[in-house]
Structure formats: C-alpha cells, structure tokens
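Remarks on the overall topology
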Amino acid sequence: MAEDTLAIFRAGIPILTMLQDENRQQILVMLCKIDKMTVNQITEQLALSRPAVSHHLKLMRDAGLLSVSKVGTERYYRVEMAETLALLKALTASLEKDMGIKEN
C-alpha cells in the first residue's frame, strides 16, 4: 500500500473511530435529515439519556463532524462534514490509484 494512502488512513482515524459507534451513526443520519437539532430533540428520538447524547455530540463536534450554534438558551447541532467528505474522497481515490483502477 502506498505511503500516501497510509497517511490518509492515519489522518482519518479520529473520524473513522467516531463513525464506528451505532449511536453516533444514528445521530449523524438524523441530523442529515433534519438539518439542526437540540440535545433534547435528539434525546427524544433515541433510547439514550440526555447526558449520553450530550457526550456523543461533544465527541462528534471535537472530531469535526458537527458544528454548534447558540440561539437564546438553546444550542443547535448540525452536520459539518466538508473536511470529512474530502478526506473520504481522497482515501477512495488513493485506494483506487493503488489498485490500478482508472477513473471513468
């Protein structure tokens, strides 16, 4: 495997680690569909406690998967994955290059 591909894999470890958890996957999909939600709104949709949802949201935000904005006393979370998608596209392209797959 080429060094470039390994470097991309290493850069993606925090993101891939975040995405391996089923609860975080559910939160991410939910936010993709609804655009922005509060912790309480997310908690109502999942079989998780509010502290557990808050913990998952913090981890995802720290990994660069979410952004948060404050409106009054509420904090709204939304998907922020431009960098993540760019990394995944780079990984795919690098793997295809390593495997000798040509773009169409």
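Structure: above.
Everything numeric here is computed off the predicted structure, so don't read it as measured data. Position labels on residues start from 1 in each chain and follow its written sequence. Local features are withheld for residues below a pLDDT of 70 in this predicted model, meaning they are given only at 70 or higher, and side-chain atom pairs are given and counted only at 80 or more; totals for whole chains, interfaces and linings count all residues. The side-chain quantities take in all heavy atoms of the structure and omit both hydrogens and water.

**Regarding the pairing of strand β2 (residues 66-71)**
- By the bridge criterion, six bridges tie β2 to strand β3 (residues 74-79) in an arrangement that is antiparallel. Considered in β3, the bridge of Val 71 is made with Glu 74.
- What makes two strands pair is DSSP finding at least two bridges between them. Where helices and strands are cited, they refer to DSSP runs of H or I of at least four residues and of E of at least two residues respectively, numbered from the N terminus. Linkage of β2 to β3, two consecutive antiparallel strands, is achieved through a turn of two residues, within which Gly 72 is found at a positive phi near 65°.

**A short note on the sheet that holds β3**
- Read across the sheet, three strands follow the order β1-β3-β2 without closing on themselves; strand pairing throughout is antiparallel. Only two strands of the sheet have a single neighbouring strand rather than two, namely β1 (36-37) and β2.
- Inspection of the sheet shows β1 paired to β3 by two bridges, in the antiparallel sense. Directly across from Lys 36, in β3, lies its bridge partner Arg 78.
- Throughout, a contact is declared for two residues whenever any of their heavy atoms are within 4.5 Å. Interaxial angle, 0 to 180 degrees, is taken between N-to-C directions of lines fitted to C-alpha atoms, where a helix line uses only the stretch in contact. Packed onto the sheet, helix α4 (residues 50-62) meets β2 and β3 and runs at close to 115° relative to β2.

**Focus: α4**
- Helix length check: α4 (13 residues) gives 18 Å between terminal C-alpha atoms against 18 Å at 1.5 Å per residue, within 8%.
- Those residues of α4 that are buried lie in contact with α1 (3-19), α2 (22-34), α3 (39-45), β2 and β3.
- Positioned one or two residues after α4, Gly 64 has a phi angle of 85°, which is positive. By this rule, a helix spans an expected 1.5 Å times one less than how many residues it contains.

**As for the packing of aromatic side chains**
- Any two of the Phe, Tyr and Trp rings considered here, Trp counted by its six-membered ring, make a pair once their centres fall within 6.5 Å; the pair's planes then place it as stacked at under 30 degrees, edge-to-face at over 60, or tilted in between. The final tally for this structure, using the stated rule, is zero aromatic pairs.
- Charge-over-ring contacts are defined here by two conditions on Lys NZ or Arg CZ: a distance within 6 Å of the ring centre and an angle within 35 degrees of the ring normal. Lying across the ring of Tyr 76, Lys 36 places its NZ or CZ 5.1 Å from the centre.

**Observations regarding the environment of Thr 43**
- Following the sequence through the fold, Thr 43 ends up in helix α3.
- A simple rule labels every residue: compare its accessible area, found with a 1.4 Å probe on the protein chains alone, to the largest value its type can have, and call it buried under 20%, exposed over 50%, or partly exposed in between. You can call Thr 43 buried: its relative accessible area is 16%.
- Distance in space between the C-alpha atoms of Thr 43 and Lys 70 is 18 Å, their sequence separation being 27 residues.
- Non-local contacts of Thr 43, meaning those with residues more than four positions away in its chain, are made with Leu 48, Ser 49, Arg 50 and Val 53.

**Some words on α1**
- In a regular helix each residue adds 1.5 Å, so 17 residues correspond to 24 Å; α1 covers 24 Å between its end C-alpha atoms and thus fits that length.
- The set of residues buried in α1 consists of Thr 5, Ile 8, Gly 12, Ile 15 and Met 18.
- Contact partners of the buried residues in α1: α2, α4 and α5 (82-99).

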